[in-house]
Amino acid sequence: MRQRTIGDVQVGAIGLGGMPMSIEGRPDHERSIRTIHAALEAGVTLIDTADAYHLHGNEVGHNEILIAQALASWGGDTSGVLVATKGGHLRPGDGSWTLDGSPAHLREAVEASLKRLGVEAIGLYQFHRPDPKVPYEDSIGALRDLLDAGKIRMAGISNADVIQIRQAQEILGGRLVSVQNQFSPAFRSSEPELRLCDELGVAFLPWSPLGGISRAGELGDRFAPFARVAEAHGVSPQRVTLAWMLAKSPVVIPIPGASRPESITDSAQAPDLTLDDAELRELDAPTLREAR
Ligand SMILES: NC(=O)c1ccc[n+]([C@@H]2O[C@H](COP(=O)([O-])OP(=O)(O)OC[C@H]3O[C@@H](n4cnc5c(N)ncnc54)[C@H](OP(=O)(O)O)[C@@H]3O)[C@@H](O)[C@H]2O)c1
């Protein structure tokens, strides 16, 4: 697979989002392992996870454990795989998502993720979401201290606006390597953050790039231009969506989720799909009228 860069690490231009394998509607263990193995077979070397990707209150880190198991049981070389996890979000087990961006929580969360992933340092640790109860500089200050202590190799942020991106870059002393924000045909308002990442040379990881777990399958029905371009190339509208994002900037690395091997195998071929300028203009045009 074509490569892109996060910090000082080269990864495949398409990553795997682990969330569908651990939250509501998740598949059985065996299918999840097959899905992660299919990603690795396809050349995926970035796997996105979070300690909060679990369903019940007593299984924090379900997705991190799954990924560690899949890496351990895969026959190939996994030394080039970057596992990117996150902290600062919690799931009490009633279906809700809560926040704790306090430095004390982030320090504890990193220790727990280190154990579950079975590593001495986390490859990429991302602050999951700003916590309005905690000054942003305190949360990012905790990430800086974790970097300095060698507990995490690289630091990223998620759900951040342009001001927070600049603030994080400053607090981390220029060591911010990635921003993970929502971005898809249905949700385009992260374009200013994408542009800033392009300017700063910071990786931009679109989350829910296909519109999210429950709507990813309808992408072609909801957005006619993506269906038209897909038909012209004889590929899926999902693959067209990922290729469109990749064409926006060399810093873009989408992380489509999957709970079936076929999904990630299809998505992983997006870097080989070249769209011409006219197609990119058509896909760029606002499709709000078509979004249901
Ligand atoms: N930072 C944050 O706050 C945040 C929030 C949400 C998500 N995320 C991350 O972003 C990742 C991606 O987002 P997401 O999983 O919510 O949504 P998504 O990537 O937009 O959609 C995921 C769904 O797309 C389907 N899919 C994937 N590739 C496909 C293809 N080529 N053709 C047809 N269907 C395809 C999969 O179906 P199957 O299940 O059938 O395989 C999967 O369930 C997550 O897994 C998570 O790692 C981060």
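To keep things clear, this report deals only with the structure shown in the data block. The residue count restarts for each chain, going from 1 along the sequence in the order it is written. Two thresholds apply to this predicted model, a pLDDT of at least 70 for residue-level local features and 80 or more for giving and counting side-chain atom pairs, whereas whole-chain, interface and lining totals are computed over all residues. Side-chain figures throughout are based on the complete set of non-hydrogen atoms in the structure, without hydrogens or water.

### Some remarks on the pattern of salt bridges
The test is simple: Throughout this description, the term salt bridge denotes a Lys or Arg side-chain nitrogen within 4 Å of a carboxyl oxygen of Asp or Glu. Elements are defined by DSSP. Helices are runs of H or I of four residues or more, strands are runs of E of two residues or more, and each kind is numbered from the N terminus. Only protein chains enter the calculation, and the probe is 1.4 Å; a residue is then buried if its accessible area is under 20% of its type maximum, exposed if over 50%, and partly exposed in between.
Here the structure, examined in full by the defined rule, presents 18 salt bridges. Between Lys248 and Glu191 there is a salt bridge, with its nearest N and O atoms 3.4 Å apart. With Lys248 in the loop between helix H9 (237-246) and helix H10 (261-267) and Glu191 in helix H6 (residues 191-200), the pair connects residues that are 57 residues apart, well separated along the chain. Here Lys248 falls in the buried class, since its relative accessible area comes to 15%. For Glu191, a relative accessible area of 23% translates into the label partly exposed. Among the charged side chains, a salt-bridge network with shared partners connects Glu191, Arg195, Lys248 and Asp284.

### So, the site of the ligand
The following threshold applies: Whether a residue is near a molecule or strand depends on its heavy atoms: it is near if one of them lies within 4 Å of it. Definition of a polar contact: a pair of N or O atoms within 3.5 Å, with one able to donate and the other able to accept a hydrogen when the atoms are protein atoms, and with sequence-neighbouring residues admitted only if both atoms are side-chain atoms. Polar here means any residue other than Ala, Val, Leu, Ile, Met, Phe, Trp, Tyr, Cys and Pro, which are nonpolar, and Asp, Glu, Lys and Arg, which are charged; Gly is therefore polar.
Taken together, 30 residues lie around the ligand, and Asp48, Leu210, Ser259, Arg260 and Ser263 are the ones closest in. In this structure, an oxygen atom belonging to the ligand sits 2.9 Å away from a side-chain N or O atom of Asn159. Residue Gly212 places a main-chain N or O atom 2.9 Å away from an oxygen atom belonging to the ligand. Take the shell around the ligand: its biggest share by element is three residues, from H10. Looking at the shell around the ligand residue by residue, the classes come out as eleven nonpolar, 14 polar and five charged.

### Here we look at the pairing of strand E8 (residues 124-127)
Stated precisely, the cut-off is as follows: A strand pair is defined by DSSP finding two or more bridges across the two strands. The handedness of a crossover follows from its direction of travel: if, with the strands pointing away from the viewer, the path from the first strand over the helix to the second runs clockwise, the crossover is right-handed.
Across the two faces of E8 the burial is the same, with Leu124 and Gln126 and Tyr125 and Phe127 all buried. Across four bridges, the pairing between strand E5 (residues 82-87) and E8 is parallel. Directly across from Ala84, in E8, lies its bridge partner Leu124. For E8 and strand E9 (residues 155-158), the ladder comprises three bridges, and the chain directions are parallel. Its bridge partner being in E9, Tyr125 is matched across the sheet by Ala155. This β-α-β element, E8 to helix H4 (residues 136-148) to E9, shows right-handed connectivity.

### Considering the nonpolar core
Keep this limit in mind: We define a nonpolar core as any set of buried Ala, Val, Leu, Ile, Met, Phe, Trp, Tyr and Cys residues linked to one another through side-chain atoms lying within 4.5 Å. Residue contacts are counted whenever heavy atoms from the two residues lie within 4.5 Å of one another.
Core analysis: the largest hydrophobic core is formed by 72 residues, its most contacted members being Leu16, Ile36, Ile152, Ile157, Val240 and Leu275. When residues no more than four places from it in sequence are discounted, the contact partners of Ile157 are Gln126, Phe127, Tyr136, Ile140, Gln164, Ile165, Ala168, Leu176, Ser178, Val179 and Gln180. Membership of the second largest hydrophobic core comes to 13 residues, among which are Ile6, Val11, Ala203 and Ile253.

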